[in-house]
Amino acid sequence: MKTISLGFGTVFGFLLAGAGLMNYNVIHEGLLLRNATMFLIMGSAVAVAAVGIWLLERFRWVTPLQGMLKVKRISINKKHIYGAVIFGIGWAITGNCPAVSAAMLGSGIGYGAVVMAGIVLGVLIFDIKIRKRSV
Amino acid sequence: MFPIPWYVAGPLMGLVVLATYAVMNRSLGALGSYAQIVDFLRRKPVKEIWRIWYLVGVILGGAGAAWLFGVPAEVASYGKLGELLGNPALLTLLLLGGGCIGFGARWMGGCTSGHGLCGVSARSPGSLVATATFMMTAIAVTLLIHEITGGLL
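Everything in this summary refers to the structure shown in the same document. The numbers attached to residues start from 1 for each chain and follow its sequence in the written order. Both sets of labels track the order of writing: A upward for chains, 1 upward for ligands. A pLDDT threshold of at least 70 governs which residues receive local features in this predicted model, and a stricter bar of 80 or more applies before side-chain atom pairs are shown or counted, although totals over entire chains, interfaces and linings include all residues. Just so you know, side-chain values use all the structure's heavy atoms and leave hydrogens and water out.

## Here's the deal with the environment of B:Lys44
Residue and element names in this part refer to chain B. Where we set the bar: Strands are runs of DSSP state E lasting at least 2 residues, helices are runs of H or I lasting at least 4, and numbering of each runs from the N terminus. Three labels apply to residues, based on accessible area from a 1.4 Å probe with only protein chains included: buried if under 20% of the type maximum, exposed if over 50%, partly exposed otherwise in between.
As for its position among the elements, Lys44 is in the loop between helix H2 (31-41) and helix H3 (49-69). Lys44 gets classed as partly exposed once you look at its relative accessible area, which sits at 27%. C-alpha of Lys44 to C-alpha of Leu128: the two residues are 84 residues apart in sequence and 31 Å apart in space.

This is the structure:
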């Protein structure tokens, strides 16, 4: 599982970097609705994955590593609004996200590490201050 | 134009998402890796070490792309934001913005990949709401930044 996830991560990071998603201007202009690249990438990725997941479930796919495929679906909760608003603010400010910052670090751009440090701090603060101790 | 055009990168990312379900029976997401790192920092048991390996992979992938295609100066200098701000202000903003990303993503239980790609592909109601919300918020805040900076950003 470790090796496979390392491989999947490598492909994903390579694609993020090669497709221009580490470029602040691309994300920023996307959010200004002046550049469609980001939306085309997300849209085509979702289209491919959605059809694939639908087929796998329809044919009762058994995964090689973890048994019968069970796709987790979560019901709507207030946290999906509150958390998303704060996330959206961070995304707008930095033009960055948890995977893109990691790919940036790999590309030798120190700013990626700074965003990653911020993300770790954000998760840490949430876990310590808000989350129940038991989780 | 970028080294990998959107119509190649997007579908291939979709296949990575799909393969994670098909092979590991898990949903892919970068946020989970950070959650594991935080558990480690807090000396709690790290339940999903594979997620940290996934993030290491993303870093390696970024390194591979940089090695193969090089890094455009615009990307290395953080684009227009880097142009506008000196390093002290830029670093502070990135740390604070990163904090919002981490805090918000942990609260909603996913990020651009976990909710936006995986959850939406799986038609998960919570992910659809989260993705619509963070997209709309980010667009609204970006338009606001554009106004405040008089069009510089």
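Having seen the structure, we can now continue with the description.
## Quick word on the pattern of salt bridges
To be explicit about the condition: When a carboxyl oxygen of Asp or Glu is within 4 Å of a side-chain nitrogen of Lys or Arg, the pair counts as a salt bridge.
Applying the stated criterion to the full structure yields 4 salt bridges over all chains. Between A:Arg73 and A:Glu57 there is a salt bridge whose closest N-O contact spans 2.9 Å. One end of the pair, A:Arg73, is in the loop between strand E2 (67-68) and helix H4 (79-94); the other, A:Glu57, is in helix H3 (residues 37-58), with 16 residues separating them in the sequence. The partly exposed category is assigned to A:Arg73, whose relative accessible area is 32%. The class for A:Glu57 is partly exposed, based on a relative accessible area of 29%. Here B:Glu48 ties to B:Arg51 by a salt bridge, and the two come within 3.0 Å at their closest N and O atoms. Note on B:Glu48: relative accessible area 24%, which makes it partly exposed. On the basis of relative accessibility, which here comes to 11%, the residue B:Arg51 falls in the buried class.

## Regarding the packing of helix H6 (residues 110-129) of chain A against helix H6 (residues 87-108) of chain B
Stated formally: Between N-to-C directions, angles cover 0 to 180 degrees, with each direction set by a line fitted to C-alpha atoms, over the stretch in contact for helices. Throughout, the term roughly parallel applies to angles under 35 degrees, roughly antiparallel to angles over 145, roughly perpendicular to angles from 65 to 115, and oblique to all others. Each helix crossing is assigned a hand: it is left-handed if the near helix lies turned anticlockwise from the far helix by less than a right angle, otherwise right-handed if that turn is clockwise. Whether two residues are in contact is decided by their heavy atoms, any of which lying within 4.5 Å being enough. Under the scheme applied, nonpolar residues are Ala, Val, Leu, Ile, Met, Phe, Trp, Tyr, Cys and Pro; charged residues are Asp, Glu, Lys and Arg; polar residues are all the others, including Gly.
Two elements in contact, H6(A) and H6(B), have axes whose closest approach is 6 Å; the angle formed by their N-to-C orientations is 40°. In terms of their interaxial angle, H6(A) and H6(B) are classed as oblique. Considering how the two elements wind past one another, H6(A) and H6(B) form a crossing that is right-handed. In contact with A:Tyr111, A:Val114, A:Val115, A:Ala117, A:Gly118, A:Ile119, A:Gly122, A:Val123, A:Ile125, A:Phe126 and A:Asp127 of H6(A), H6(B) contributes B:Asn87, B:Leu90, B:Leu91, B:Leu94, B:Leu95, B:Gly98, B:Gly99, B:Ile101, B:Gly102, B:Phe103, B:Arg106 and B:Trp107. Classifying every residue of the contact of H6(A) with H6(B) gives 15 nonpolar, 6 polar and 2 charged.

## Quick word on the state of the cysteines
Just so we agree on the cut-off: Two cysteine sulfur atoms make up a disulfide if the distance between them is within 2.5 Å.
For the structure on display, the rule yields 0 disulfides over all chains. Take B:Cys111: it sits in no disulfide, and the sulfur closest to it among the cysteines is that of A:Cys97, at 6.2 Å.

## Digging into the packing of helix H1 (residues 2-18) of chain A against H3(B)
In the contact formed by H1(A) and H3(B), the axes pass within 6 Å of each other and the chain directions differ by 40°. Here H1(A) is positioned oblique relative to H3(B), judged by the angle of their axes. Of the two elements, H1(A) crosses H3(B), and the hand of that crossing is right-handed. Broken down by class, the residue content of the contact of H1(A) with H3(B) amounts to 15 nonpolar, 9 polar and 1 charged.

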